[in-house]
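Listed below are the residues making up each chain.
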Amino acid sequence: MSSEGVSSGGVSSDWPLWEVFVRARGGLSHRHVGSVHAPDGELALRHARDTYTRRMEGVSLWVVPSAAIVASDPDEAGALFEPAESKIYRHPTFYDIPDEVKHI
Amino acid sequence: MATIAPVDARLDAREDYLLRLGDDALVLGQRLSELCGHGPILEIDISLANLALDLVGQATLLLGEAGAKEDQGGDRLAFHRDVLDFKNCLLVEQPNGDFAQTIARHLLYTTWQHMLLQRLQQSSDRFLVEFAHKAVKEVAYHRALAAEWTIRLGDGTGESARRMAEGLDWTWRFVPELFEVDESLHSAIERGIAPDPRSFEDEYRSVIAEVLAQAELAIPSDQRPILGGRRGHHTEHLGHLLAVMQFLPRTHGEVSW
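So, here's what we can say about the structure. (Residues numbered from 1 in each chain as written. Chains lettered and ligands numbered in written order. Predicted model: local features only at pLDDT ≥ 70, side-chain atom pairs only at ≥ 80, totals over all residues.)

## A word on the nonpolar core
Okay, step 1: Leu62, Leu91 and Ile103 of chain B are the most contacted members of the largest nonpolar core, which has 63 residues in total.
Okay, step 2: Per-element tally for this core: the top contributor is helix H6 (residues 99-120) of chain B, with 12 residues.
Okay, step 3: Setting aside residues no more than four positions away along its own chain, Ile103 of chain B makes contact with Ala146, Trp149, Thr150, Leu153 and Gly167 of chain B.
Okay, step 4: Membership of the second largest hydrophobic core comes to 9 residues, among which are Val20, Ala38, Ala44 and Ala48 of chain A. (Core = buried A, V, L, I, M, F, W, Y, C linked by C-beta atoms within 7 Å. Buried ≥ 20, exposed ≤ 12 C-beta atoms within 10 Å, placed from the backbone. Helix = DSSP H or I, 4+ residues; strand = E, 2+ residues; numbered from the N terminus. Contact = placed C-beta atoms within 7 Å.)

## Examining the environment of Gly192 of chain B
Residue and element names in this part refer to chain B.
Okay, step 1: You can see Gly192 is positioned in the loop between helix H9 (183-190) and helix H10 (201-214).
Okay, step 2: Residues Gly192 and Ser123, 69 residues apart in the sequence, show an inter-C-alpha distance of 5.9 Å.
Okay, step 3: With sequence-adjacent residues up to four places away left out, Gly192 is seen in contact with Ser123 and Ser124.

## A word on the packing of H6 of chain B against H10 of chain B
All names here are of chain B.
Okay, step 1: Put simply, H6 and H10 touch, their axes get as near as 10 Å, and they point 135° apart. Viewed along their axes, H6 and H10 adopt a mutual orientation that is oblique. Considering the relative orientation of H6 and H10, their crossing is right-handed. Each of Leu107, Thr111, Trp112 and Met115 in H6 lies in contact with H10, whose residues at this interface are Glu203, Tyr204, Val207, Ile208 and Val211.
Okay, step 2: The residue makeup of the contact of H6 with H10, split by class, is 7 nonpolar, 1 polar and 1 charged. (Axes fitted to C-alpha atoms, helices over the stretch in contact; angles between N-to-C directions. Parallel < 35°, antiparallel > 145°, perpendicular 65-115°, else oblique. Left-handed = near helix turned anticlockwise from the far one by under 90°. Nonpolar A, V, L, I, M, F, W, Y, C, P; charged D, E, K, R; others polar.)

Right under this line is the structure:
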């Protein structure tokens, strides 16, 4: 096979990373499933479709530039999250959830 | 040519039409699958493999139907026919070249295929109506993806624009064959089985022109058209493709998964 330019080193590093979110069914929220490289949003959607929804995993896709995500600092995890540990009364465990209610 | 008549004489217009569409899908699917593991980046690799799988799926349906009457499975037609019996258009057997040439070929073929499938949904043939109904959605995606890449490569860097223009230039001479109506196709059109491709040639050319305008690429100048694939006269590339594709079942008889 003539592959001039086809199998050369890869240009992923030149392309921004996009985070991919899939809505599995109507009524569910979009969930983060992974990421793709793409030169722009439209192609990021195409790549996301081909990479993450090949087996009917979804009915809707979002892509977001990874650079647009503001993440919490792991070093701050203690200050951010540990205070919640001792506050079990914030969990909705003091009343019954009907069996018919899914995805809660 | 009298020497090739026996093969064609056995085929009625419907079977011949099924073989033409089936071989188009099979050969283009095989071409794209050659890139599996060789795509320029992982995402494109997966994307091209998906396109290949869609096409091989279409070929399975079409060749299965083409072989149904003589109780030949689709596999028999795919793996045990010689090059002169293949009815695909010449465009789909052209080598992948670089990514731009692969995209040029895909744009030119699937834009045509999409217009055909839209019309094939009104065919008098029930199988083809159902087939078209299923495949038209797949091919709409192929066409759109190829157009998007054409625009990005054409309107990209100097090098990508040059490669895209060269890819289009290489494939352009195979476009007239897509609109050729020979005796066999004429008979399928008369029977209401096949749409007349000439009815959408103007639309095809204007859609391609629109994509190329967005890509800031010139429409390639018309070259001497190359015809003959529908009658089994292929370019030298098809034999090599079939050798790779058919080697295993031909060498090892009735192997299966």
